[in-house]
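Summary of structural features
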Amino acid sequence: MRSRGGARMAASKMVMASLTAIRPFSCAAAASASASYPGRLAPHPPDLIKWVRREGGFVHEAVKIAQDASFGLGLVATDEIPKGSELVVLPEHVPLRFGSLESDGGDGADAVLANLARQVPDELWVMKLGLKLLQERARVGSFWWPYIGNLPEAFSVPIFFPGEDIKNLQYAPVLYQVNKRCRFLLEFEQEVRRALEDNKPSDHPFGGQAVGASALGWAMSAVSSRAFRLYGKKLADGNYDDVPMMLPLIDMCNHSFKPNARILQDQDDRNKKMLVKVVAETEIKQNDCLELNYGGLSNDLFLLDYGFVVPSNPYDCIELKYDGAFLDAASMAAGVSSPSFSAPAPWQKEILCQLKLDGEAPLLKVCLGGSEVVEGRLLAALRVVLASDVETVQKHDLNTLKSISVEAPLGIANEVAAFRTIIALCVIALGHFPTKLMEDESMLQKGVSDSTELAIQFRILKKSVIIDVMRDLTRRVKLLSSKETSAAQG
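Just so you know, these numbers come straight off a predicted model, no measurement behind them.

1. Re the nonpolar core
- Of all hydrophobic cores here, the largest spans 72 residues; its most connected members are Leu87, Met127 and Leu131.
- The element that contributes the greatest number of residues to this core is helix 9 (residues 213-226), accounting for eight residues.
- The residues touching Leu131, leaving out its near neighbours within four places in the chain, are Leu113, Leu116, Ala117, Val120, Phe188, Phe206 and Leu216.
- Counting 60 residues, the second-largest nonpolar core is a separate cluster that includes Phe341, Ala408, Phe458 and Leu480.

This is how it looks when you write it as structure tokens:
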């Protein structure tokens, strides 16, 4: 611990004396982020399954913790498990949650922690729970140490990438989010330092330890990759509040869009307290990993929050900004004469305002890919601006204009022009990546570090989304053109 002059030396010695009662933080999260299977915090971690059972929880006799070739440590079935079987049940006191962090009461260390939590933006709720996680990690004798000791000492999320591998992502929206999170951690480190200055040891929420950006990043990554948002206390109106919590053992289930298990909450018949359960959604075969669906997330969120990407992700998409001049250029490149995206007619502008692509406080982010192929707002805008007949447009409601499954509502020529404009957008978007797909694949074959490999895999999948959209729309253009030809010949 550093001191600044003699006046602080005595205080520093007082804090140092208390370190015998805390577990020190380390910078392992940053130093070993490239490890394929990072070690756990405790060199010899407690038996997590035994701990859950000892605390009144249930773990199916055929469930064990094992190393998986693809995902690292996870839960595996040692025997066949019938559909509907309870796999893990946690009593109410076992999940790690905010508790009193956001209440106005409390004093000492808990009050300091609560004040720190209030300084965290709501969108970064993971950091609030991360502060509680750090407090329990530092505390010797913590109730949750058997769980925390089993947590990874490092995470493969981009905030821990070397600078060159952050650049290797090559995708502006994710680069923005990585930089935003890194800036927050560096700034919040200073907030934490100021909040902890001159605290007496008994009021220090982390046992006297300095909490740097690395430790904060580790905590934020632990929560983002493992926490669930579940029902908390019952409210006066009969509903339940939404509470982030970490679920020991359950959070070792891996992800699948076709999961073999699911989470549910139930009340204990004996004491009416809430139980968190994992139940077999299908029959689970011997040696199968237990898998939950983490949600319909894009690879941006899987990478940022969990540190992995999913090939053939049906929810992955590309973000673009709706920009009139950019769309005019794309439309002209597609062979459309005199597009008017940068100067729409008043009636077109009115519809663009309804789509929130113009007017006050517009939402200009639009997406390609995913289940829609083309975001409905973008498709409707293209159809409308490329149309010349206001009466034809006014025959259709916005939902019809936004739907790609409604074929050519404004005519085949209009639809072909819209699709070709999007294909041109895709070509331009691909050109913004510094490397080509074949170059990326060649780099992977040569062998690179784990973080470089993950960055390259991510950008390959982003480019694949663009190519898939181009193929889909090219097929649609060919079908429409053939129909137009047949109609002309008929």
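2. Concerning the packing of helix 4 (residues 108-118) against helix 5 (residues 125-138)
- Interhelical geometry of helix 4 versus helix 5 gives an angle of 150° and a closest axis separation of 9 Å. Here helix 4 is positioned roughly antiparallel relative to helix 5, judged by the angle of their axes. Remark: the crossing between helix 4 and helix 5 carries right-handed chirality. Of the residues in helix 5, those in contact with Ala109, Asp110, Leu113, Leu116 and Ala117 of helix 4 are Lys128, Leu131, Lys132 and Gln135.
- Its residues assigned to classes, the contact of helix 4 with helix 5 comprises five nonpolar, one polar and three charged.

3. Concerning the sheet that holds strand 13 (residues 365-369)
- Spatial strand order, 12-13-14: three strands in an open sheet with antiparallel pairing. Taken across any chain shown, the strands that pair with only one partner, and hence form the sheet edges, are strand 12 (317-321) and strand 14 (373-374).
- Running at roughly 100° to strand 13, helix 13 (residues 376-385) makes contact with strand 13 and strand 14 of the sheet.

4. Some words on the environment of Glu123
- Along the chain, Glu123 falls in the loop between helix 4 and helix 5.
- Looking at Glu123, its side chain comes within polar contact range of the side chain of Lys180, at 2.8 Å.

5. Here we look at the confidence of the model for the chain
- Per-residue pLDDT for the chain has a mean of 88; in total, 88% of the residues score no lower than 70.
- Contacts from residues 1-22, a stretch scored under 50 in pLDDT, to residues over four places away or in other chains number 26 contacts.
- In the model, residues 27-35 has pLDDT below 50 throughout and makes 19 contacts with residues more than four positions away in sequence or in other chains.

6. Quick notes on the sheet that holds strand 9 (residues 261-267)
- Judged by pairing direction, the sheet is antiparallel, and its four strands sit side by side in the order 1-4-10-9 without closing on themselves. Two strands bound the open sheet, and with one partner strand each, they are strand 1 (58-59) and strand 9.
- Sheet analysis places strand 4 (residues 86-90) next to strand 10 (residues 274-280), joined by four bridges and oriented antiparallel. Bridge pairing in strand 10 links Val89 to Lys277.

7. Some details on the packing of aromatic side chains
- Per the stated rule, a full pass over the model turns up twelve aromatic pairs.
- The residue whose ring lies beneath Arg137 is Trp218, and the NZ or CZ to ring-centre distance is 4.4 Å.
- A cation sits over an aromatic face here: Arg229 above Trp125, 4.6 Å from the ring centre.

8. Considerations on empty space enclosed by the protein
- Inspection of every chain in the model, using the stated rule, returns two cavities of 30 Å³ or more.
- A volume near 40 Å³ is recorded for the largest cavity.
- Contributing to the lining of the largest cavity are Leu320, Lys321, Tyr322, Asp323, Phe326, Leu327, Val366, Leu378 and Leu425.
- Split into classes, the residues belonging to the lining of the largest cavity amount to seven nonpolar, no polar and two charged.
- Residue lining of the second largest cavity: Val157, Ile159, Arg181, Met220, Ser221, Ser224 and Leu304, and that is the complete set.

9. Side note on the layout of surface pockets
- Reported here for the second largest pocket is a volume of approximately 1,000 Å³.
- Considering the residues around the second largest pocket, the lining is formed by 47 residues, among which Arg181, Leu297, Leu301, Asp305 and Tyr306 are closest to the centre.
- Of all elements in the fold, only helix 5, helix 8 (172-196), helix 9, strand 6 (227-234), strand 9, helix 10 (299-306), strand 12 and strand 13 reach the threshold of two or more residues within the lining of the second largest pocket.
- Among the elements that make up the lining of the second largest pocket, the one with the highest residue count is helix 8 (seven residues).
- Of the residues in the lining of the second largest pocket, the class split is 25 nonpolar, nine polar and 13 charged.

10. Thoughts on the state of the cysteines
- Inspection of the entire model under this criterion finds zero disulfides.
- Considering cysteine sulfurs only, Cys367 is the nearest to Cys317, which forms no disulfide, with 4.0 Å between them.
- On the basis of relative accessible area, Cys317 is assigned to the buried category, the value being 16%.

11. Considerations on a negative patch on the surface
- A contiguous patch of negative charge on the surface is contributed by Glu61, Asp79, Glu80 and Glu283.
- Along the chain, Glu80 falls in the loop between strand 3 (72-77) and strand 4.

12. Here we look at helix 13
- Of all ten residues in helix 13, ten are buried; the element is thus mostly enclosed.
- Taken residue by residue, helix 13 has Gly376, Arg377, Leu378, Leu379, Ala380, Ala381, Leu382, Arg383, Val384 and Val385 as its buried positions.

13. Section: the pattern of salt bridges
- A full pass over the atoms with the stated rule returns 23 salt bridges.
- Between Lys462 and Asp300 there is a salt bridge whose closest N-O contact spans 2.4 Å. With a gap of 162 residues between them, Lys462 in helix 18 (residues 450-489) and Asp300 in helix 10 connect regions that are remote in the sequence. For the pair Lys462 and Asp300, a shared accessibility class is recorded, and that class is buried.
- Among the salt bridges present, the one from Arg377 reaches Glu375, with a minimum N-O distance of 2.8 Å. Side by side, Arg377 and Glu375 carry an identical accessibility label, which is buried.
- One continuous salt-bridge network, built from bridges that share partners, spans Glu86, Asp266 and Lys277.

Criteria and cut-off values
- Residues numbered from 1 in each chain as written.
- Predicted model: local features only at pLDDT ≥ 70, side-chain atom pairs only at ≥ 80, totals over all residues.
- Heavy atoms only, no water.
- Core = buried A, V, L, I, M, F, W, Y, C linked by side-chain atoms within 4.5 Å.
- Buried < 20%, exposed > 50% of the residue type's maximum accessible area, 1.4 Å probe, protein only.
- Helix = DSSP H or I, 4+ residues; strand = E, 2+ residues; numbered from the N terminus.
- Contact = heavy atoms within 4.5 Å.
- Axes fitted to C-alpha atoms, helices over the stretch in contact; angles between N-to-C directions.
- Parallel < 35°, antiparallel > 145°, perpendicular 65-115°, else oblique.
- Left-handed = near helix turned anticlockwise from the far one by under 90°.
- Nonpolar A, V, L, I, M, F, W, Y, C, P; charged D, E, K, R; others polar.
- Pairing = 2+ DSSP bridges.
- Polar contact = N/O pair within 3.5 Å; in protein donor to acceptor, adjacent residues only side chain to side chain.
- pLDDT = per-residue confidence, 0-100.
- Phe/Tyr/Trp six-rings, centres within 6.5 Å; stacked < 30°, edge-to-face > 60°.
- Lys NZ or Arg CZ within 6 Å of the ring centre and 35° of its normal.
- 1 Å grid on protein atoms, 1.4 Å probe; cavity = no way out; pocket = protein on both sides within 12 Å on 5 of 7 lines; lining within 4 Å.
- Points joined across faces, edges and corners; volume = space filled by probe spheres on them.
- Disulfide = S-S within 2.5 Å.
- Patch = residues over 30% accessible without salt bridge, like charges linked within 9 Å, V, L, I, M, F, W, Y side chains within 5 Å.
- Areas by Shrake-Rupley, 256 points an atom, 1.4 Å probe, with all protein chains shown as cover.
- Salt bridge = Lys/Arg side-chain N within 4 Å of Asp/Glu carboxyl O.
- Lys, Arg positive; Asp, Glu negative; His and termini not counted.
- Charge placed at Lys NZ, Arg CZ, Asp CG, Glu CD.

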